[in-house]
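Structural characterization, general
Read off the chains here:
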Amino acid sequence: MKPALTRALIASLLAATVTVALAPGVTASAAAATPTAVVAAGGPLNLRSGPSTADTRVGSVPDGARVTAVCQEFGERVKGTPYWDRLSNGRYVADGYLRWSPARPWLPWCTAKGASVAKISTGGGPANVRAGTSTSAKRLGTLKNGAVVSINCQVWGQKVDEHVRTTNAWNRLTDGRYVSDALVAYSKGMPALPWCGQVPPTVPASGAAQFLARVAEPAQLGFKKYKVPASVTIAQAILESGWGRSYLTRRDHSYFGIKCFGNPGTIALGCRSYATRECENGRCFDTRATFRAYKNATASFADHGYFLTVHDRYDTAFKYSNDPNRFAKEIHKAGYATDPNYANDLIKLMKDYNLYRYDPPARAKKAKP
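A brief look at the structure comes next. In this text, all values refer to a predicted model and were calculated from it rather than measured experimentally.

Examining the overall build of the protein
Each helix and strand counted, the protein has seven helices and 18 strands in total. When burial is assessed residue by residue, the protein has 54% of its 369 residues classed as buried. Taking as baseline every contact in the protein between residues at least 6 positions apart, the subset at least 24 positions apart corresponds to 62%. Accessible surface for the protein amounts to roughly 16000 Å². Of this, 50% is attributable to carbon and sulfur atoms.

Some words on the packing of aromatic side chains
Where two aromatic rings form a pair, the distance of their centres and the angle of their planes describe that pair. Scanning the entire structure with this criterion turns up 15 aromatic pairs. With a centroid separation of 6.2 Å and 45° between ring planes, the pair formed by Phe 211 and Tyr 255 is classed as tilted. Taken together, the residues Phe 211 in helix H1 (residues 208–226) and Tyr 255 in the loop between helix H3 (247–252) and strand E17 (270–280) connect sequence positions 44 residues apart. An identical accessibility class is assigned to Phe 211 and Tyr 255; each is buried. Seen from their ring centres, Tyr 314 and Tyr 336 are 6.2 Å apart, and the 65° between their planes marks the pair as edge-to-face.

Regarding the packing of helix H2 (residues 230–241) against helix H6 (residues 342–352)
Following both chains from N to C, one finds H2 and H6 inclined at 110°, their axes separated by 9 Å at the closest point. Judged by the angle between their axes, H2 and H6 are roughly perpendicular. Here the hand of the crossing between H2 and H6 comes out right-handed. Contacts between H2 and H6 involve Ser 231, Val 232, Ala 235, Gln 236, Ile 238, Leu 239 and Glu 240 from the former and Tyr 342, Asp 345, Leu 346, Leu 349 and Met 350 from the latter. Here the residues of the contact of H2 with H6 are counted per class, giving eight nonpolar, two polar and two charged.

Let's talk about H6
Along H6, the residues classified as buried are Tyr 342, Ala 343, Leu 346, Ile 347, Leu 349 and Met 350. Taken end-on, H6 shows its buried residues confined to a sector of 160°, consistent with a single buried face. Structurally, H6 contributes buried residues whose contacts are with H2 and helix H5 (324–333). Following H6 by one or two positions, Asn 354 adopts a phi angle in the positive range, close to 45°.

Section: the nonpolar core
Ranked by size, the top nonpolar core spans 41 residues in total, and within it Phe 211 and Tyr 336 carry the most contacts. At seven residues, H2 tops the list of elements feeding residues into this core. Grouped together as the second largest cluster of nonpolar side chains are 18 residues, Tyr 83, Trp 106, Ile 151 and Leu 183 included.

Observations regarding the pattern of salt bridges
Going through the model one piece at a time under the given rule, you end up with 10 salt bridges. With its nearest N and O atoms 2.9 Å apart, the salt bridge here joins Arg 104 to Asp 85. Of this pair, Arg 104 sits in the loop between strand E7 (98–100) and strand E8 (109–111) while Asp 85 sits in strand E5 (residues 81–87), and the two are 19 residues apart along the sequence. For Arg 104, a relative accessible area of 2% gives the class buried. Residue classification places Asp 85 among the buried positions, given a relative accessible area of 0%. Close ionic contact of Asp 252 with Arg 272 constitutes a salt bridge, the shortest N to O distance being 2.6 Å. One end of the pair, Asp 252, is in helix H3; the other, Arg 272, is in strand E17, with 20 residues separating them in the sequence.

Structural notes on the state of the cysteines
Summed over the entire model, instances satisfying the criterion amount to three disulfides. Here Cys 153 pairs with Cys 196 through a disulfide, and the sulfurs are 2.0 Å apart. Judged by the sign of its S-S torsion, about 95°, the bond between Cys 153 and Cys 196 is right-handed. One end of the pair, Cys 153, is in strand E13 (residues 151–161); the other, Cys 196, is in the loop between strand E16 (184–186) and H1, and 43 residues separate them in sequence. Per residue, the accessibility class of Cys 153 equals that of Cys 196, and both read buried. Residue pairing for Cys 260: its cysteine sulfur links by disulfide to Cys 271, the two sulfurs lying 2.1 Å apart. A torsion of -105° about the S-S bond marks the disulfide between Cys 260 and Cys 271 as left-handed. One end of the pair, Cys 260, is in the loop between H3 and E17; the other, Cys 271, is in strand E17, with 11 residues separating them in the sequence. Judged on exposure class, the residue Cys 260 and its partner Cys 271 are both buried.

Basis of the calculations
Residues numbered from 1 in each chain as written. Predicted model: local features only at pLDDT ≥ 70, side-chain atom pairs only at ≥ 80, totals over all residues. Heavy atoms only, no water. Helix = DSSP H or I, 4+ residues; strand = E, 2+ residues; numbered from the N terminus. Buried < 20%, exposed > 50% of the residue type's maximum accessible area, 1.4 Å probe, protein only. Contact = heavy atoms within 4.5 Å. Areas by Shrake-Rupley, 256 points an atom, 1.4 Å probe, with all protein chains shown as cover. Phe/Tyr/Trp six-rings, centres within 6.5 Å; stacked < 30°, edge-to-face > 60°. Axes fitted to C-alpha atoms, helices over the stretch in contact; angles between N-to-C directions. Parallel < 35°, antiparallel > 145°, perpendicular 65-115°, else oblique. Left-handed = near helix turned anticlockwise from the far one by under 90°. Nonpolar A, V, L, I, M, F, W, Y, C, P; charged D, E, K, R; others polar. Arc of directions from axis to C-beta. Core = buried A, V, L, I, M, F, W, Y, C linked by side-chain atoms within 4.5 Å. Salt bridge = Lys/Arg side-chain N within 4 Å of Asp/Glu carboxyl O. Disulfide = S-S within 2.5 Å.

What follows is the structure, encoded as structure tokens:
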């Protein structure tokens, strides 16, 4: 299933350990700096309702104005940085247009309830800080119970059952060390922390042509490696992501809504919980589930192809890699989706947008009605 839309899916195993750079000027000691900056946009700077240019414009501030930031979010990359600052009035500006002095401070992460301060919570003694994401990694020191920590991003690692929660997420601090998120409490609720190495969230495509341009290459690479017809893959991505508009797709680059079932597999960066809608025995209901989060769209498409190849119930479909329409029918028959119209929906999309053009010429010719 996928958040807000609804389609089938799965499990297999992943983990990548890449790191994301700190925001420009951020240092571990910068947390105490004043969160005030000067607008340096060369003209009026738009204020937004969220951390992207796709969010509603809710005013502007003049160039040279002084603004106060209360927290940060990981959003659309603007002027070379993915950080957006929520101002004291609740509106957002791209950090790339702000000039900090003497350097950009570390800002707490935002939640719906405001700036979320992260503190070590052990129930008593100190927490170990390590060189990696497991309890066997070298211990580099300790943090006392109640200490405020500055978190840069998260990495999927060893599951830890501790005072606050049970989780595989480890926090990479701004000084490069790691502490299990099982030992961190958040004052305003848990923020949506970025995975280390993850590219910034995307904004929805302006139309079908832009979306197809965005996904064509990853889908074609999927055919070369896994023999899943690119036309079928793209049609599935359209249905699963709502043309790239779903929050799961925008933030975590998941175009197919593959569930974690406790493990992200070998390609995804980690797992994140999202609201979703499930249907069972003719009844649909709202719920939550954990979905795989990816470094970028290419990783999502690779995981989709890998998933189909490692589950033998889809073996029959691969006899028809040269026939996209039949391939779509076979994966549906094998249980990829519970929607009785799923294969027909895919075929209609392939015809309406001539997605066969993304298949090799011989296959595209054979597949056309």
